[in-house]
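# Topology and contacts: notes
Residue-level listing of the chains:
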Amino acid sequence: MKHTFRYITAAKIGLFLIAAYALGHFAAMAVSHLDSRAVSASADGNWGLSFQQEGEPPVANASAGELAEYDAFYAEMTDEKVLYMTFDAGYENGNLPAILDALKKHNVSAAFFVVGNFLKDQPELVKRMVAEGHIVGNHTYSHPDMSKIATMESFAKELEDNAKLYEEITGQPMVKFYRPPQGKYSEANLRMAKELGYKTFFWSLAYVDWYEDKQPSKEEAFKKLLGRIHPGAIVLLHSTSSTNAQILDELLTKWEKMGYTFKSLKDFV
């Protein structure tokens, strides 16, 4: 009887160990599966970057391959020393003319992502952008948190109202390049933008330049913008920054001395 009890107990222990192994195995598989989707899952919220190695593209919260499925981009994966200059223009405070002057001096074709009030208030600057060979892209009409917009109707209206205003000013259709305000987006947003024929552009290099009353010093700006530059970078600067207006000519010169050349986002795609 004692032997039988021992056998039964041993059998139970064996079954328990087998079950525990199986549970652990399937749990590990589940974790692995979740890990493999971690970047995709993080593609709901704020665009984020982690700079890990100087001269290399930062690690983003969505990979270039995953973004490409939605015609979305944050950098060109290349060893060629090319840069793509982009600016977000929410309003005008006197700094944009100097920025345009510096771009013209260096023969750089940039992309300006504009919102509705900028188009309404600054039609002459918009016309100057176009005349000097710059792209004017869509930053939405009212600059909302697009990640909270769930319907195609509302999403499309933000882009279409802005594009319509641009066409009224320039007589030309707006190129279908889109940048989410504040980098806030969702996977559904990326899908909707693609369905509307847009290409979505994030960035691989930016710095805190948008607070008018707390502008970075020239030294702070150069430290970030020179130290984090990399081949294929899509650079984001804000046209409202007095620091950017002051340093852009010198900044472009420094990048050129580092061996970089500039391309238009139209060359990117």
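Now for a quick tour of the structure. (Residues numbered from 1 in each chain as written. Predicted model: local features only at pLDDT ≥ 70, side-chain atom pairs only at ≥ 80, totals over all residues. Heavy atoms only, no water.)

Once that is clear, we can look at helix H4 (residues 96–105). Listed in full, the buried residues belonging to H4 are Leu96, Ile99, Leu100, Ala102 and Leu103. The buried residues of H4 occupy one face: seen down the axis, they fall within an arc of 160 degrees. Of the residues in H4, the exposed ones pointing more than 90 degrees away from the buried face are Lys104 and Lys105. Phi turns positive, to about 55 degrees, at Asn107, one or two residues after H4. (Buried < 20%, exposed > 50% of the residue type's maximum accessible area, 1.4 Å probe, protein only. Helix = DSSP H or I, 4+ residues; strand = E, 2+ residues; numbered from the N terminus. Arc of directions from axis to C-beta.)

Of all hydrophobic cores here, the largest spans 52 residues; its most connected members are Met85, Phe112, Leu248 and Trp255. With 7 residues, helix H7 (residues 152–170) is the single largest residue contributor to this core. Residues in contact with Phe112, not counting those within four places in the same chain, are Phe87, Leu96, Ile99, Leu100, Leu103, Met129, His134, Ile135, Val136 and Gly137. Listed in part, the 25 residues of the second largest apolar core include Val82, Ala111, Phe177 and Leu265. (Core = buried A, V, L, I, M, F, W, Y, C linked by side-chain atoms within 4.5 Å. Contact = heavy atoms within 4.5 Å.)

Mapped onto the elements of the fold, Gly55 is located in the loop between strand S2 (49–50) and strand S3 (59–60). Expressed as a C-alpha distance, the spacing of Gly55 and His230, which sit 175 residues apart in the sequence, is 4.5 Å. Leave out the neighbours within four places in its chain, and Gly55 touches Ile229, His230 and Pro231.

In terms of residue burial, strand S5 (residues 82–89) counts as a mostly covered element, since 8 of its 8 residues are buried. The alternating pattern of S5 places Val82, Tyr84, Thr86 and Asp88 and Leu83, Met85, Phe87 and Ala89 on opposite faces, both of which are buried. Taken together, the 3 bridges between S5 and strand S12 (residues 261–263) define a ladder with parallel strand orientation. Bridge pairing in S12 links Tyr84 to Lys263. The pairing of S5 with strand S11 (residues 233–238) spans 6 bridges and is parallel. Following the sheet pairing, Met85 is matched in S11 by Val235. Regarding topology, H4 serves as the crossover connection from S5 to the parallel strand S6 (residues 111–114), and that connection is right-handed. (Pairing = 2+ DSSP bridges. Right-handed = clockwise from strand over helix to strand, strands pointing away.)

This paragraph deals with the side chain of His106. For His106, the position within the fold is in the loop between H4 and S6. What His106 contacts, discounting residues up to four positions off in sequence, is Asp249, Leu252, Thr253 and Glu256.

Evaluated as defined, the whole model comprises 13 aromatic pairs. Here the aromatic rings of Trp47 and Phe202 are separated by 4.4 Å at their centres, their planes lie at 20 degrees, and the arrangement is stacked. With Trp47 in the loop between strand S1 (45–46) and S2 and Phe202 in the loop between strand S10 (199–201) and helix H9 (218–227), this pair connects stretches of sequence that are 155 residues apart. Neither Trp47 nor Phe202 differs from the other in exposure class; each is buried. Centre to centre, the rings of Phe155 and Tyr178 are 5.7 Å apart; their planes meet at 80 degrees, and the pair counts as edge-to-face. Taken together, the residues Phe155 in helix H7 and Tyr178 in strand S8 (residues 177–178) connect sequence positions 23 residues apart. Comparing Phe155 with Tyr178, the two get one shared label, buried. The rings of Trp47, Tyr74, Tyr185, Phe202 and Trp203 are connected pair by pair, giving a single aromatic cluster. Above the ring of Tyr260, the side-chain terminus of Lys81 is found at 5.2 Å from the ring centroid. Here the guanidinium or amino end of Lys254 rests over the ring plane of Phe222, the centre of that ring lying 5.3 Å away. (Phe/Tyr/Trp six-rings, centres within 6.5 Å; stacked < 30°, edge-to-face > 60°. Lys NZ or Arg CZ within 6 Å of the ring centre and 35° of its normal.)

No statement about biological role is implied by the geometric values presented.
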